[in-house]
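Each chain, written out:
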Amino acid sequence: MTRSRRALTLTALVAATLGVALTGCSAGSQQAPDDALAIGTGVAVEVGTGVEMSFSIDDVREGKLSDLAEMGLQSTPSDDGKVPYFVTYSVTLTDGEIADADRSALPVPKTDEWKLTGKGTYRPIQVIGQFDCTPDGNATPGVAPDAPLVACQAFLGDADALPTAIEVKDLGTWATKD
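Residues numbered from 1 in each chain as written. Predicted model: local features only at pLDDT ≥ 70, side-chain atom pairs only at ≥ 80, totals over all residues. Heavy atoms only, no water.

A. Local environment of the state of the cysteines. Throughout the structure, instances matching the rule amount to one disulfide. Put simply, Cys-133 and Cys-152 are joined by a disulfide, and their sulfur atoms are 2.4 Å apart. Pair noted here: Cys-133 is in the loop between β7 (122–126) and β8 (149–158) and Cys-152 is in strand β8, with a separation of 19 residues, a long-range link. Like Cys-133, the residue Cys-152 is buried in the burial classification. (Disulfide = S-S within 2.5 Å. Helix = DSSP H or I, 4+ residues; strand = E, 2+ residues; numbered from the N terminus. Buried < 20%, exposed > 50% of the residue type's maximum accessible area, 1.4 Å probe, protein only.)

This is the structure in structure tokens:
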């Protein structure tokens, strides 16, 4: 299967135009809260009667501006000196039948529902169409009974400022460092 066929159509994460919006500013170095979850830890989300899913942050990594170009995204002069940070997450069916799930309740966060903290500032990248920033190009188009949805959200941030915490509205906060 080709990378383009595996690319995730991020309908829940698209914007009407390609752009960058500021969220999650921080001044100085900020640590993750003591009750933050470890990367890979899932949180239960009920998405219908008798249907439960698990949402987890699985990976966060620093990329290069050239990675964005390979994904078909153009950087601008204001992006010079910035670094993309790629956050991979998954949504897994843990109880019930996917056919019984309320699709509108699936935990697929919009760009304004993310907040990254650390020693830099982080702006989510909003994109139209296919966009796969997972480490191995394994994004999937949706949850299946035996396979999770694997998706990602990209952010532009300051160089060498890997976030220390990733908060997703109404789902939880994950610590990115031990």
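B. Structural detail: the pairing of strand β3 (residues 42–46). Residues of β3 alternate between two faces, with Val-43 and Val-45 buried on one and Gly-42, Ala-44 and Glu-46 left unburied on the opposite face. Linkage of β3 to strand β4 (residues 52–62), two consecutive antiparallel strands, is achieved through a turn of five residues, within which Gly-48 is found at a positive phi near 145°. (Pairing = 2+ DSSP bridges.)

C. Molecular detail of the pairing of β4. Pairing between β3 and β4: five bridges, direction antiparallel. Bridging from a neighbouring strand, Ala-44 pairs with Ser-54 of β4. Across 10 bridges, the pairing between β4 and strand β5 (residues 82–95) is antiparallel. Residue pairing across strands places Arg-61 opposite Phe-86, the latter belonging to β5.

D. Representation of the packing of aromatic side chains within the structure. Evaluation of the coordinates by the stated rule reveals five aromatic pairs. Aromatic ring contacts, followed pair by pair, group Phe-55, Tyr-89, Trp-114, Phe-155 and Trp-174 into a single cluster. (Phe/Tyr/Trp six-rings, centres within 6.5 Å; stacked < 30°, edge-to-face > 60°.)

E. Geometry of the pattern of salt bridges. Summed over all chains, the structure comprises two salt bridges. The salt bridge involving Arg-123 is made with Asp-79; its shortest N-O contact spans 4.0 Å. Pair noted here: Arg-123 is in strand β7 and Asp-79 is in the loop between α2 (65–70) and β5, with a separation of 44 residues, a long-range link. Overall, Arg-123 belongs to the buried group, its relative accessible area being 19%. Given the relative accessible area of 6%, Asp-79 is considered buried. The partner of Asp-158 in a salt bridge is Lys-82, and the shortest N-O contact between them spans 2.8 Å. Separated by 76 residues along the polypeptide, Asp-158 in strand β8 and Lys-82 in strand β5 bring together distant segments of the chain. By relative accessible area, which is 25% here, Asp-158 ends up partly exposed. A residue is classified by how much of its surface remains accessible, and Lys-82, at 22% relative accessible area, is partly exposed. (Salt bridge = Lys/Arg side-chain N within 4 Å of Asp/Glu carboxyl O.)

F. Main features of the side chain of Ser-56. Looking at where Ser-56 falls in the secondary structure, it is placed in strand β4. Polar side-chain contacts of Ser-56 include one of 2.7 Å to the side chain of Asp-58. Beyond its immediate sequence surroundings of up to four residues, Ser-56 is in contact with Gly-40, Thr-41, Gly-42, Thr-88, Tyr-89, Ser-90 and Trp-174. (Polar contact = N/O pair within 3.5 Å; in protein donor to acceptor, adjacent residues only side chain to side chain. Contact = heavy atoms within 4.5 Å.)

G. Representation of the confidence of the model for the protein chain. In the predicted model, the protein chain carries a mean pLDDT of 81, and 83% of its residues have values of at least 70. Here residues 1–28 is modelled with pLDDT under 50, and outside its nearest four sequence neighbours on either side it reaches 74 contacts, counting other chains as well. (pLDDT = per-residue confidence, 0-100.)

H. Main features of unusual backbone geometry. The backbone of Asp-160 shows a phi angle near 55°, a positive value even though the residue is not glycine. Position of Asp-160 relative to the elements: it lies in the loop between β8 and β9 (165–168). Residue Asp-160 is classed as exposed on the basis of its relative accessible area of 56%. Positive phi values are uncommon outside glycine, yet Asp-170 reaches one of about 65°. Here Asp-170 is to be found in the loop between β9 and β10 (172–175).

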